Amino acid sequence: MKVLIIGSGGRESTLAWKISQSDKVKKIFMAPGNAGNDHIAERVNIGATNIEKLKEFAKEQKIDITIVGPEAPLVLGITDVFEKEGLPVFGPSQKAAQLEGSKAFSKKILLDNGIPTADGAIFDNYENALAHIHTIRRPVVIKADGLAAGKGVILADTEREAIEALKRIMEQKEFGDAGNTVIIEEQLKGYEVSILAICSGTDFKLLVPSQDHKPIFDGNKGPNTGGMGAYSPVSMFPDEDMEDVIKIIKKTLTSLKTQGITYKGILYVGLMITETGPKVLEFNVRFGDPETQAVLPRMTSDLIDPIEAVAKGEGLKDVHIEWTDKACVAVVAASAGYPGSYKKGYTINGIDEARKDDDCFCFTAGCEKLDNDIVTSGGRVLAVSSLGANFDIAREKAYNALTKIKFTDIYYRKDIGIVYK
Ligand code: AMP
Ligand code: GLY
């Protein structure tokens, strides 16, 4: 089977690594990919949102399955375009991808179906939103409706901060048209968990829970990033809460179905586990990054089986997904300065060294080739993931493997896997 993976980050490197272990997969292409996977995949110089070119490539190469990594091509409708050509693809349709592409769309699904979420309201008019803020006397969260690279969510503890946030999003258009509509919702307290489900219509299989560390500095301080590390399992997340999450996923998929939308691909449910149970913070329509780097190393069964079933529009009842009990910790190594500005072009040494232990993996992201070297080319440069019999062992192995990675300006959090409540 020939597989095309779209995207270039750590998530896509992890997907390539995992499916390269399948006997069924004979060839992997990555578009555009990054420089750290040349031993398992062939890079194709087409950007992730260049849907027409990707389609031509998939047709020419007779690709059996295309796996879409990032949200942007999904929101642009890559699945619809591929399916029209008869090309099997793993990822939701443009309509279904609104779950991530429009926070107002997903909030409406949550509120209309009584799915546990923060109390909130949707506004497409600045004056009405402002009037609403004046009436609430508690901390809120203001969210730009559209895609804003994870930055369009502002937590405001006071009325003044809420007004400031609203101005930035709706008046100053800090996130462009993504801020034409906003969601204003209550701030929830608790701890966050990410649940990924592989979905084929209303049929789905859960992947193991994980937790992401979004802030740049230790102790969860500083601005949010795409994610500085992740771990799985989440020991404090109780099984009874998982029952609630299953209900959440069922209701979401069924509600989409009643709107004529068949959901195919990964549904990422971002949850706050509150004193009154799990509540949905957000939906994403693809694998999480860096959650994938902590989840897939724990999967002991073949990932291509559920992916193939979904891409072909089949159910999942005959697909079995198996996991190791081992813990996995994934630590992201970034370029100092990220998520602000940072320098690029530094040689990275030690990737092969870090990969030597069977339980250690190096999933590259912001890396490119320069002559014979792999050099830094992005904020999040790579992640080192390690499996261990327990958390302490997994953490120690990951940090130990990370000492082998050398590049100028390397920065990573020292506390990935530590639980902050
Ligand atoms: P989102 O993109 O909606 O998941 O928001 C990004 C991050 O903002 C989440 O991972 C949470 O850390 C935080 N957040 C979003 N909504 C809320 C909320 N209602 N209460 C508290 N924190 C939130
Ligand atoms: N790690 C958060 C995300 O993938 O959106």
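Visitor: Please clarify how the overall build of the chain should be interpreted in this entry.
Guide: The helix and strand tally for the chain stands at 13 helices and 23 strands. Structurally, the chain occupies a C-alpha span of about 60 × 45 × 40 Å along its principal axes. For the chain, the proportion of its 421 residues judged to be buried stands at 58%. Across the chain, the fraction of contacts at a sequence separation of at least 24, relative to all contacts at a separation of at least 6, is 68%. Here the chain has roughly 17,700 Å² of accessible surface; of this, 47% comes from carbon and sulfur atoms. The chain carries 52 positive and 59 negative side-chain charges, and their two centres are separated by 1 Å.

Visitor: Any chance you could explain the sheet that holds strand E3 (residues 42–43) here in plain terms?
Guide: In a beta sheet, neighbouring strands are held together by backbone hydrogen bonds and run either parallel or antiparallel to one another. The parallel open sheet is built from five strands, whose spatial order is E3-E2-E1-E4-E5. Each of the sheet's edge strands pairs with one partner strand only, and the pair in question is E3 and strand E5 (89–90). The sheet contact formed by strand E2 (residues 27–32) and E3 spans two bridges and is parallel. Bridge assignment links Met-30 to a residue of E3, and that residue is Arg-43. Sheet strands touched by helix H1 (residues 10–20): strand E1 (2–7), E2 and strand E4 (65–68). Its angle to E1, the strand with the most contacts, is close to 165 degrees.

Visitor: I would appreciate a short explanation of the site of ligand 2 in the present structure.
Guide: Close contacts around ligand 2 come from Asp-212, Gly-226, Tyr-268, Asn-284, Arg-286, Gly-288, Asp-289, Pro-290 and Glu-291, and that covers them all. Within the side chain of Asn-284, an N or O atom sits 3.3 Å from an oxygen atom of ligand 2. Protein contact buries 89% of the 190 Å² of open area that ligand 2 shows by itself. Broken down by class, the residue content of the shell around ligand 2 amounts to two nonpolar, three polar and four charged.

Visitor: Would you mind showing me how to read the pairing of strand E15 (residues 229–232) here?
Guide: Within a regular strand, side chains alternate between the sheet's two faces. Every second residue of E15 is oriented toward a common face, with Gly-229 and Tyr-231 on one face and Ala-230 and Ser-232 on the other, all of them buried. Both strand E12 (residues 211–212) and E15 contribute to a ladder of two bridges, which runs antiparallel. What sits directly across from Asp-212, in E15, is Ala-230. Pairing analysis gives four bridges linking E15 to strand E18 (residues 327–339), with the strands arranged antiparallel. From the neighbouring strand, Ser-232 faces E18, where its bridge partner is Cys-328.

Visitor: Please explain the side chain of Ser-102 as it appears in this structure.
Guide: Among the structural elements, Ser-102 can be located in the loop between helix H5 (98–101) and helix H6 (103–112). A relative accessible area of 14% means that Ser-102 is categorised as buried. Polar side-chain contacts of Ser-102 include one of 3.0 Å to the backbone nitrogen of Phe-105. Of note is the side chain of Ser-102, whose polar atom sits 2.7 Å from the side chain of Asp-145.

Parameters at a glance
- Residues numbered from 1 in each chain as written.
- Chains lettered and ligands numbered in written order.
- Predicted model: local features only at pLDDT ≥ 70, side-chain atom pairs only at ≥ 80, totals over all residues.
- Heavy atoms only, no water.
- Helix = DSSP H or I, 4+ residues; strand = E, 2+ residues; numbered from the N terminus.
- Buried < 20%, exposed > 50% of the residue type's maximum accessible area, 1.4 Å probe, protein only.
- Contact = heavy atoms within 4.5 Å.
- Areas by Shrake-Rupley, 256 points an atom, 1.4 Å probe, with all protein chains shown as cover.
- Lys, Arg positive; Asp, Glu negative; His and termini not counted.
- Charge placed at Lys NZ, Arg CZ, Asp CG, Glu CD.
- Pairing = 2+ DSSP bridges.
- Axes fitted to C-alpha atoms, helices over the stretch in contact; angles between N-to-C directions.
- Near = heavy atom within 4 Å.
- Polar contact = N/O pair within 3.5 Å; in protein donor to acceptor, adjacent residues only side chain to side chain.
- Nonpolar A, V, L, I, M, F, W, Y, C, P; charged D, E, K, R; others polar.

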